[in-house]
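# Understanding the architecture of this molecule
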Amino acid sequence: MNALATHVPILVIATPLLGAFAAPLIAKLGRTTRVAFSGLIAGLTACFAGLLAATLYSAGGQPIVYVLGGRVPLPSGLAVPVRIMLEVDGLSVFMALIAALVGALAVLYSVSYWKERSGGALYDSLLFLLIAGVFGLVLTGDMFNFFVFLEITSIAACGLIGFRAWRKRSSEAAFKVMALYTLAGLLVLLAVGLLYGQYGGLNMAFLAANLSGSMLDRIALALLLAGLAMKAGAVPMHMWAPEAYGEAPAPVAMVLVANSQAGLYALFRILFTLYGVALSVTAIGWILIVMAVLTILVGVTMALVQSDIKRLIAFGAVSQIGYMLLAVGVGFAVLATRPAFGLAAIQGGIFHMINDVACIGLLFLAAGAMVRAAGTRNLNAMGGLAHDLKGLTVLFAVGAFALAGVPPFNGFASKLIIYESTFRLSPVLAIVAVLGSIILLAVFLRAFQAAFLGPRTVGEAGRVPWTMTLSMAVLASIVIGFGLFPGFFIDKLVAPAANALWNGQAAYIGAVLGGG
Amino acid sequence: MTFVGNLPFVVSMLLVCLGLYVLLFKRNLIKMVIGVSLVETGINLFLVTLGYRAGGVAPIYTYAPVGATQVLPTPQALTLTSIVIGLATTALLLSFAILIYRHYGTLDVTEIKELKG
Amino acid sequence: MSKEMSVIVRTITRLTYVLTIVFGFYVIMHGHLTPGGGFQGGAVVASAFALFLVAFGTAGLKGRLNAHLLQSLEEIGALTFLALAFLGIGTAFFYNLLANSGTVFGVSVLPGPNPGLLNSGGTLPLMNWAVGLKVMTGIASILIAMLVGSRKEAAE
């Protein structure tokens, strides 16, 4: 058991990779074997992620370092850590739990989602590759390794967005999204090259220890900010988001939300752990805050005019990225003076990450079931689904109200923390955040009324398969559970993660370079 | 820091700007793919140039001249990885371009506008 | 195109594509000694395959290769790579268990300029072969798919 706990960081990444490589071979043995194999891989990955979390929390939050290819990162006689390593701290483990959750639920939902044309082994392969890429993004401690996993997630995501090649719009969306994702990855690569040329090393802890605030460092930061904001979907680089989320199959859209949040994770990691107070934090913090405010406003405004249910939820997802960016931006802007509300803002933003993935995931899965039952994606053509699909009605309502910040769901808990802490920095921010929530509530009320209430406009809607209902029920239970007991989950999950950002730079560096 | 000494960096940034221009202002899908490829080439050139040490030989131990400085091998490994990723990206982009041509009958990006809003 | 390529193209292709494949294998095999390795050698072999496709079209492949065989070989290459990475899991993932060990590819070589011994490197040459196989068959599958895909649209 101890050996397993030592190697569990790499097992979390290697198991979905194994699933991706072996899925087409196993699929030759029949459909049941393929489904069983996918379930096995997804379950194993979730268990490994849980084991990783347990190991980290029992060690008191001290970052775990796993070196690939050797025992120590610094072979004797060398001044720079040369080996690629995984470095896991509170925030990484939090994101890994999110990724494990969406990965397992996406696999479960996909079992019966494909109605007319079977997804087959290639779909499973791409999905596992995407999940492995997201795990790699959040667990790695090396900048170039981070770029490689970034590109893996881009390629796998675009393959899945354009998977339904018989639809015109899927190919168009996939092309645009691929071009933008590649551009984002190349900006990140340019920044990594600049940092390597200056300091001679690629390890994140090594760069954090040696970083000074010179001109080239600021150019690298600007490039990283642009690239990662493009990946996360913040305005003004959000153009790919409605098409990507709207054209992807419903379970893939849920994993794409986790993918965008991994981009946000990377941004926070670079700002807090890599750069820290080496720069003027107020200026950069305010840039983040302005971008976040724009994202919230553009997201909810564009969602008002949508008639396609999936694009509507996609714009909702874009606006929620704005909330997380706002909260952590406020925390970063006050990093120099360290008032207590800065830590509270970061906690709110990180808590909102898991709440957002649960709510938006639930909404996307419900939308997939709705489209499947009604046969159309246009809200104006749907109607009266509540007569036949009562469970789906309740689940959609739970997700929509939670996202809009209605108590007692989890969205309310995290948004309250965000409102309170951003109010301390500037009241305008809190007003914008509350306004965004109100408009989002209006948007989802309209969608709910159009799709579920009123007379039946389509024929007898079929039943929703039990695997789809089960995955939605798991997300709904998280939504309700986190809403009823927020304090418990904040203490266990969010506080170590926020602490890793706020106070954790020294521990991060010390775990690799050995003290001091 | 002479201009001639920095010429490789300047050229690689020129390639990146050229690729961005093509990606933003050309209307044919295949030309956009070429633009992405140009940006990748520029960045690969930039990465390889980072490792250059004046008077160095290739970083290979087989039949290497004794006592010579070698250029840094790490940027070459980074560039190789980037080339492989570029291959996968270009293959995917071109496949989607083929699919778009089959559905829409045109490669002009201003006419492929089913997704709006 | 329904017309075939000319006699000159077909004859030269028949002469050179085998040589190119052998050169590609050489580049893969000596990846730990001279410039090259898995991806580079695999790309050379795939370019020989591309030459073959241009000269003879998919008609030349009938009876020899099909997409399923290529996909299975690709999976085998990928799984071999993962298996080799797991081989040294006793110490760490990707640990080079076979280097300096006296078994296959295990002869020790001191660092510094040397004439280059093929029998060294540990798991590196084996991983080169796995990656080379995957790249070869992967690029070949992409080329066949693109050729068939653009043919179908011309026929519609």
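Look up a bit, the structure's there.
This write-up is about the structure you can find in this document. Just so you know, these numbers come straight off a predicted model, no measurement behind them.

## Concerning the overall build of chain B
Secondary structure summary: chain B contains three helices and zero strands in total. In chain B, the order of α-helices and β-strands from amino to carboxyl end is α-α-α. In terms of principal-axis extent, the alpha carbons of chain B reach across some 65 × 35 × 20 Å. Residues classed as buried in chain B amount to 28% of the 117 residues present. When contacts within chain B are restricted to residue pairs at least 6 apart in sequence, those whose partners lie at least 24 apart make up 54%.

## Overview of the packing of helix α6 (residues 168-199) of chain A against helix α9 (residues 240-247) of chain A
All names here are of chain A. Between α6 and α9, the least distance of the axes is 9 Å, while the angle of their chain directions is 135°. Taken together, α6 and α9 sit at an angle that is classed as oblique. Classified by chirality, the crossing of α9 by α6 is left-handed. Between α6 and α9, the residues in contact are R169, S170, A173, K176, V177 and L180 and W240, E243, A244 and E247, respectively. Of the residues in the contact of α6 with α9, the class split is five nonpolar, one polar and four charged.

## Details of the interface of chain B and chain A
Chain B puts 26 residues into the contact, and the matching count from chain A is 26 residues. When contributions to the side of chain B that touches chain A are tallied by element, the ones reaching two or more residues are α2 (29-50) and α3 (74-104) of chain B. At 14 residues, the largest contribution of residues to the side of chain B that touches chain A is made by α3(B).

## Comments concerning the interface of chain B and chain C
Each side of the interface is counted separately: chain B has 14 residues, and chain C has 14 residues. In the side of chain B that touches chain C, the residues fall into 11 nonpolar, two polar and one charged.

## Description of the environment of L17(A)
Residue and element names in this part refer to chain A. Along the chain, L17 turns up in helix α1 (residues 2-27). The exposure class assigned to L17 is buried, which follows from the 22 C-beta atoms found within 10 Å. When the C-alpha positions of L17 and F48 are compared, they lie 14 Å apart, and in sequence the two are 31 residues distant.

## Comments concerning the environment of A165(A)
With respect to the helices and strands, A165(A) occurs in the loop between α5 (143-161) and α6. Of the residues examined, A165(A) has 16 C-beta atoms within 10 Å and is grouped as partly exposed. The sequence separation of A165(A) and A100(A) amounts to 65 residues, and the corresponding C-alpha distance is 28 Å. In this structure A165(A) touches S170(A), S171(A) and L99(B), once residues within four positions along its chain are discounted.

## Topic: the nonpolar core
Residue and element names in this part refer to chain A. By size, the foremost hydrophobic cluster in this structure holds 276 residues, and its most contacted members are A96, A99, L326, L362, L363, A366 and V479. Considering every element that reaches this core, the biggest residue donor is helix α13 (residues 340-374), with 20 residues. Residues within four places of L326 in sequence aside, it is in contact with I289, A292, V293, I418, T422, L429 and A433.

## With respect to unusual backbone geometry
At the junction of P407(A) and P408(A), the peptide bond is cis and its omega measures out at 5° in the coordinates. With respect to the helices, strands and loops of the structure, P408(A) is situated in the loop between α14 (390-403) and α15 (410-425). Unusually for a residue other than glycine, F94(C) sits at a positive phi of about 65°. As for its position among the elements, F94(C) is in the loop between α3 (67-86) and α4 (123-155). Residue classification places F94(C) among the buried positions, given that 21 C-beta atoms sit within 10 Å.

## What to know about the packing of α5(A) against α3(B)
Two elements in contact, α5(A) and α3(B), have axes whose closest approach is 11 Å; the angle formed by their N-to-C orientations is 10°. With respect to α3(B), the axis of α5(A) lies roughly parallel. Between α5(A), through F144(A), V148(A), E151(A), I155(A), C158(A) and G159(A), and α3(B), the contact on the second element is made entirely by L78(B), T81(B), I85(B), A88(B), T89(B) and L92(B).

## Some words on α15(A)
Helix length check: α15(A) (16 residues) gives 24 Å between terminal C-alpha atoms against 22 Å at 1.5 Å per residue, within 8%. The elements touched by buried residues of α15(A) are α12 (309-333), α13, α14, α16 (427-452), α17 (466-484) and α18 (486-502) of chain A.

What counts, and at which threshold
Residues numbered from 1 in each chain as written. Chains lettered and ligands numbered in written order. Predicted model: local features only at pLDDT ≥ 70, side-chain atom pairs only at ≥ 80, totals over all residues. Helix = DSSP H or I, 4+ residues; strand = E, 2+ residues; numbered from the N terminus. Buried ≥ 20, exposed ≤ 12 C-beta atoms within 10 Å, placed from the backbone. Contact = placed C-beta atoms within 7 Å. Axes fitted to C-alpha atoms, helices over the stretch in contact; angles between N-to-C directions. Parallel < 35°, antiparallel > 145°, perpendicular 65-115°, else oblique. Left-handed = near helix turned anticlockwise from the far one by under 90°. Nonpolar A, V, L, I, M, F, W, Y, C, P; charged D, E, K, R; others polar. Core = buried A, V, L, I, M, F, W, Y, C linked by C-beta atoms within 7 Å. Expected span 1.5 Å × (residues − 1).

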